[in-house]
Amino acid sequence: MDQTPAPATSAMTKGQPLPLVAVLATGGTIAGVQASATSSSYVAGSITVEQLMASVPQLAGLARLRTEQIANVGSQNMTHAVWRALAARVSALEADPDVQGVVVTHGTDTLEETAFFLGLTVPASKPLVLVGAMRPATALSADGPANLYAAVALARHASAKARGPLVIMNGDIHTAREVQKIAASGLNAFGSPNGGRIGVMVGIEPLFHGQPPQTPSAFEHFDLAALGPAPQWPRVAIVYAHADLQADVIDALAALYDGLVLAGVGDGNATDAALHALKRASGQGVAVVRASRTGSGYVGRGAEIDDGAAGFIAAGELSAQKARVLLMLGLTRTRDPGRLQALFDNR
Ligand code: ASP
């Protein structure tokens, strides 16, 4: 749906049409509805993208908007099939010369995974901005409208190009590679624990703390067409480490999955029993990546574990949930631990 443009703001050249920004909606709390404005329970993915846009009439002063409903789910139910459809639409919009930038509205729970997936599969030559909300659309002081306004302002801005997908929440701008949901509640729920946010919104202008990287994207690129339909993508599970972790859970998963990511204690570590089971799995051709459950820091090769001998891959700065995405895509190309490690080292 194209919405009627309002007069240009001072940021635009007088007489020029407003930039065209595409908004792809997938659901989430930003589209969530409560029984009453003060209730703490709600259903994510309840209102349509048209209703969402209509709740922020000020958007018409920023951009001409083209909206599409890709899905309407709580992002805890995000699927690979939706990712594939979303990536295909974003790619098509990237190729559309009329479109200046793209916004994806999304639930916050798996927003970082979708952003990372898009970074790996979409040629991001234009601003691509993901946004969500911590409070439902019907809440008192809902944060969705302001977040959406900031996302459209960012997506129409030339300085948001060449940085890969960006995430904007609560006025902070994050890269897809770094961003994490770091709190289960509260408005300030997103962070980039290792490198920090890369910018902030000042009114309708982004203020970036640094220049874009010299290479436009730090991501490896995976061709969507070569991936095939989502149900056939390699299967990767995450094993969460804890005190006294036993081998049986790993043995069971190794029989079912193509790859395992260890959300390890500390620097990607686990009990001897678990590490032996992972080594067994690796010997049977299951790809094994070591990440950390701590939420930040770096999991390097060989600090406490001989990754070379075990055939393990070290996740570096990637969280377990992002390591799962990269391993899944990497396994469409190779099962060789050395080549898979190279994908994780490509930063
Ligand atoms: N469960 C919701 C979702 O991810 C939470 C949110 O959007 O904040 O869709």
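Enquirer: What's the story with the pairing of strand β6 (residues 128-131) in this structure? I'm lost.
Expert: In the case of a regular strand, side chains alternate between the two sheet surfaces. Side-chain alternation along β6 places Leu 128 and Leu 130 on one buried face and Val 129 and Val 131 on a second face that is also buried. Relative to β6, strand β5 (residues 99-105) runs parallel, the two being bridged by four bridges. The residue of β6 that forms the bridge with Val 102 is Leu 128. Once you follow β5 into helix α3 (residues 111-121) and on to β6, the crossover reads as right-handed.

Enquirer: Looking at this structure, how should I read the packing of aromatic side chains?
Expert: Any aromatic ring pair is given by two values, namely how distant the centres are and how the planes are angled relative to each other. Scanning the entire structure with this criterion turns up two aromatic pairs. Ring centres of Trp 83 and Phe 117 lie 4.8 Å apart, and the angle between their planes is 20°; this geometry places the pair in the stacked category. Note that Trp 83 is positioned in helix α2 (residues 80-94) and Phe 117 in helix α3, a separation of 34 residues in sequence. Across this residue pair, the class does not change: Trp 83 and Phe 117 are buried. Geometry around Phe 208 places Arg 163 over its ring, the cationic atom sitting 3.7 Å from the centre. If you follow Arg 235 out to its NZ or CZ, it ends over the ring of Tyr 257, 4.3 Å from the centre.

Enquirer: When you look at the packing of helix α9 (residues 320-330) against helix α10 (residues 337-345) in this model, what are you seeing that I'm missing?
Expert: When two helices pack together, their arrangement is given by the angle between the helix axes and the distance between those axes. Remark: α9 packs on α10, axes separated minimally by 10 Å, with the N-to-C direction vectors making an angle of 135°. In terms of their interaxial angle, α9 and α10 are classed as oblique. The hand of the α9/α10 crossing is right-handed. Listed contacts from α10 to Ala 323, Leu 326, Leu 327 and Gly 330 of α9 are Leu 340, Leu 343 and Phe 344. By residue class, the composition of the contact of α9 with α10 is six nonpolar, one polar and no charged.

Rules of the game
Residues numbered from 1 in each chain as written. Predicted model: local features only at pLDDT ≥ 70, side-chain atom pairs only at ≥ 80, totals over all residues. Heavy atoms only, no water. Buried < 20%, exposed > 50% of the residue type's maximum accessible area, 1.4 Å probe, protein only. Helix = DSSP H or I, 4+ residues; strand = E, 2+ residues; numbered from the N terminus. Pairing = 2+ DSSP bridges. Right-handed = clockwise from strand over helix to strand, strands pointing away. Phe/Tyr/Trp six-rings, centres within 6.5 Å; stacked < 30°, edge-to-face > 60°. Lys NZ or Arg CZ within 6 Å of the ring centre and 35° of its normal. Axes fitted to C-alpha atoms, helices over the stretch in contact; angles between N-to-C directions. Parallel < 35°, antiparallel > 145°, perpendicular 65-115°, else oblique. Left-handed = near helix turned anticlockwise from the far one by under 90°. Contact = heavy atoms within 4.5 Å. Nonpolar A, V, L, I, M, F, W, Y, C, P; charged D, E, K, R; others polar.

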